[in-house]
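Structural overview
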Amino acid sequence: MTVNMTKGQKISLSKSDGGSLTAVRMGLGWQAAPRRGLFGSRTREIDLDASAVLFADKQPVDVVFFRHLTSDDGSVRHTGDNLVGGVGQGGDDESIIVDLTRVPVHVDQIVFTVNSFTGQTFAEVQNAFCRLVDETNGQELARYTLTGGGAYTAQIMAKVQRGQGGWTMTAIGTPANGRTFQDLIPAILPAL
């Protein structure tokens, strides 16, 4: 059963039978918002890029994005860049898979972001979401849907965090401006 998350909400990633998840997929999806023009409405392709920034004690130690598809230790993998969005009509446009059993012990948080490398704003985007899926069986565990557009070019979507009780997911939903994950680090730090 999917949990529809709200901004700031945190959920445990423990299984209902008391076990722990071993691998999860963070799927991100979006569609271009129709724009009114002289000859009716039309849409323009939107290229958003998903990234996962791995943190150890609030310091970035690795990143996975369209130019570095696998973390140095192999525990986090980006499935590839989607240049237009909305292809799945509600499905994932970009996905990042995390093997929780292989994440190095010093990595305590993984923050998922989405940004427009081309500088398009979220005013041009609709139906944007992130969802966490149990990679072993395909079951959607949680979904966070963004509301409203805006004149920003990025979004700090969510994070998974390692704690004494196991992994948790928190919906962040903070708008930011930046074309790359490097530009977003100052906006990410308050969410850690």
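Under the annotation held in an unreviewed UniProt entry, the protein carries the name TerD family protein and is attributed to Actinacidiphila epipremni.

**Describing the overall build of the protein**
If you tally the helices and strands in the protein, you get one helix and 14 strands. Taken over 192 residues, the protein has a buried fraction of 49%. In the protein, once contacts between residues fewer than 6 apart in sequence are set aside, the share between residues at least 24 apart is 69%. Split by element, the accessible area of the protein, about 9100 Å² in all, is 50% carbon and sulfur.

**Examining the packing of aromatic side chains**
Across all of its chains, the model carries four aromatic pairs by this definition. Ring centres 5.6 Å apart and planes at 80° place the aromatic pair Phe65 and Phe66 in the edge-to-face group. Phe65 gets classed as buried once you look at its relative accessible area, which sits at 15%. Accessibility expressed as a relative area gives 23% for Phe66, which makes it partly exposed. These aromatic residues form a ring-pair network of at least three members: Phe65, Phe66, Phe117 and Phe181. Looking at Arg143, its charged tip hangs above the ring of Phe129, at a distance of 4.3 Å from the centre. The ring centre of Phe117 lies 4.7 Å from the NZ or CZ of Arg179, which sits over that ring.

**Regarding helix 1 (residues 181-188)**
Every buried residue of helix 1 is accounted for by Phe181, Leu184, Ile185 and Ile188. End-on, the buried residues of helix 1 take up no more than an arc of 130°, which puts them together on one face. The inward-facing, buried residues of helix 1 abut strand 6 (48-56), strand 7 (59-64), strand 10 (109-116), strand 13 (154-163) and strand 14 (166-176).

**A closer look at the pattern of salt bridges**
One pass over the structure, following the stated rule, counts five salt bridges. A salt bridge links Arg25 to Asp92; the shortest N-O distance between them is 2.9 Å. In this pair, Arg25 is assigned in strand 3 (residues 23-32) and Asp92 in the loop between strand 8 (76-78) and strand 9 (94-99), connecting sequence segments 67 residues apart. Looking at Arg25, the relative accessible area reads 16%, which means it is buried. Taking the relative accessible area as the measure of exposure, Asp92 reaches 22% and is therefore partly exposed.

**Considering the pairing of strand 10**
Within strand 10, eight of the eight residues are buried, leaving the element largely enclosed by the surrounding structure. Judged by which residues are buried, strand 10 turns out to be covered on both faces: Gln109, Val111, Thr113 and Asn115 on one side and Ile110, Phe112, Val114 and Ser116 on the other are all buried. Relative to strand 13, strand 10 is paired through seven bridges, and the arrangement is antiparallel. Paired with Phe112 across the bridge in strand 13 is Ala158.

Reading guide: rules and limits
- Residues numbered from 1 in each chain as written.
- Predicted model: local features only at pLDDT ≥ 70, side-chain atom pairs only at ≥ 80, totals over all residues.
- Heavy atoms only, no water.
- Helix = DSSP H or I, 4+ residues; strand = E, 2+ residues; numbered from the N terminus.
- Buried < 20%, exposed > 50% of the residue type's maximum accessible area, 1.4 Å probe, protein only.
- Contact = heavy atoms within 4.5 Å.
- Areas by Shrake-Rupley, 256 points an atom, 1.4 Å probe, with all protein chains shown as cover.
- Phe/Tyr/Trp six-rings, centres within 6.5 Å; stacked < 30°, edge-to-face > 60°.
- Lys NZ or Arg CZ within 6 Å of the ring centre and 35° of its normal.
- Arc of directions from axis to C-beta.
- Salt bridge = Lys/Arg side-chain N within 4 Å of Asp/Glu carboxyl O.
- Pairing = 2+ DSSP bridges.

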